[in-house]
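Structure assessment
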Amino acid sequence: CRSCRACDPQSQYTAGRCSRTADTVCKSCHGGCAGGCAGPEGTDCHRCRGPWRMIGDGRRLCLTACPVNHYQAADGLCTPATPCVAGEYEARPLTATADRECRRVRECEENQLESAAPTTASDRV
């Protein structure tokens, strides 16, 4: 007889218990987990390695990356990016860890001529 296999509590969960005829079955935690898990899903993590978001029932869902048009805030929460609206341009683009910055498009003074029209990423000149 020999001892049953022990799963690594930092990166695996027990998917099958040891019995007299079968060894313990260990499976890897979700890629977004840190410090172990209770199962294979991002909601089974003890802690999140990186980005996460809240799901409908108040639980955290650990992610390997934030979805499109989201950024990872300082607390790790995937946060929706600020949309630039009509009359604004994107002064600083969205990154994985910082929101985009939108600024109002300048208006030319009465005695000024527009030399370049504003775009979604630049002010008028």
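As a reminder, the structure under discussion sits directly above these lines.
Residues numbered from 1 in each chain as written. Predicted model: local features only at pLDDT ≥ 70, side-chain atom pairs only at ≥ 80, totals over all residues. Heavy atoms only, no water.

In terms of nonpolar packing, the biggest core is built from 8 residues, these being Tyr13, Cys29, Cys33, Cys37, Cys45, Cys48, Trp52 and Cys62. Elements that contribute at least two residues to this core include exactly strand 3 (33–37) and strand 4 (45–48). With residues up to four places along the chain from it excluded, the contact list for cysteine 62 reads His30, Gly32, Gly42, Cys45, Arg47, Cys48, Pro51 and Trp52. (Core = buried A, V, L, I, M, F, W, Y, C linked by side-chain atoms within 4.5 Å. Buried < 20%, exposed > 50% of the residue type's maximum accessible area, 1.4 Å probe, protein only. Helix = DSSP H or I, 4+ residues; strand = E, 2+ residues; numbered from the N terminus. Contact = heavy atoms within 4.5 Å.)

Counted according to the given criterion, the structure contains 7 disulfides. The residue that forms a disulfide with cysteine 29 is cysteine 37, at a sulfur-sulfur distance of 2.1 Å. One quick way to see it: the torsion about the S-S bond of cysteine 29 and cysteine 37 is about -85 degrees, and its sign makes the bridge left-handed. Classification of cysteine 29 as buried rests on a relative accessible area of 14%. Here cysteine 66 pairs with cysteine 78 through a disulfide, and the sulfurs are 2.1 Å apart. When the S-S torsion is -90 degrees, as for the bridge of cysteine 66 with cysteine 78, the disulfide is left-handed. Residue cysteine 66 is found in the loop between strand 6 (60–62) and strand 7 (70–72), and its partner cysteine 78 is found in strand 8 (residues 78–80); the two are separated by 12 residues along the sequence. (Disulfide = S-S within 2.5 Å.)

This paragraph deals with unusual backbone geometry. Note on backbone geometry: most residues besides glycine have negative phi, and most peptide bonds are trans. The phi dihedral of asparagine 69 is positive, around 65 degrees, even though this residue is not glycine. Relative to the assigned elements, asparagine 69 resides in the loop between strand 6 and strand 7. With relative accessibility at 45%, the residue asparagine 69 sits in the partly exposed group.

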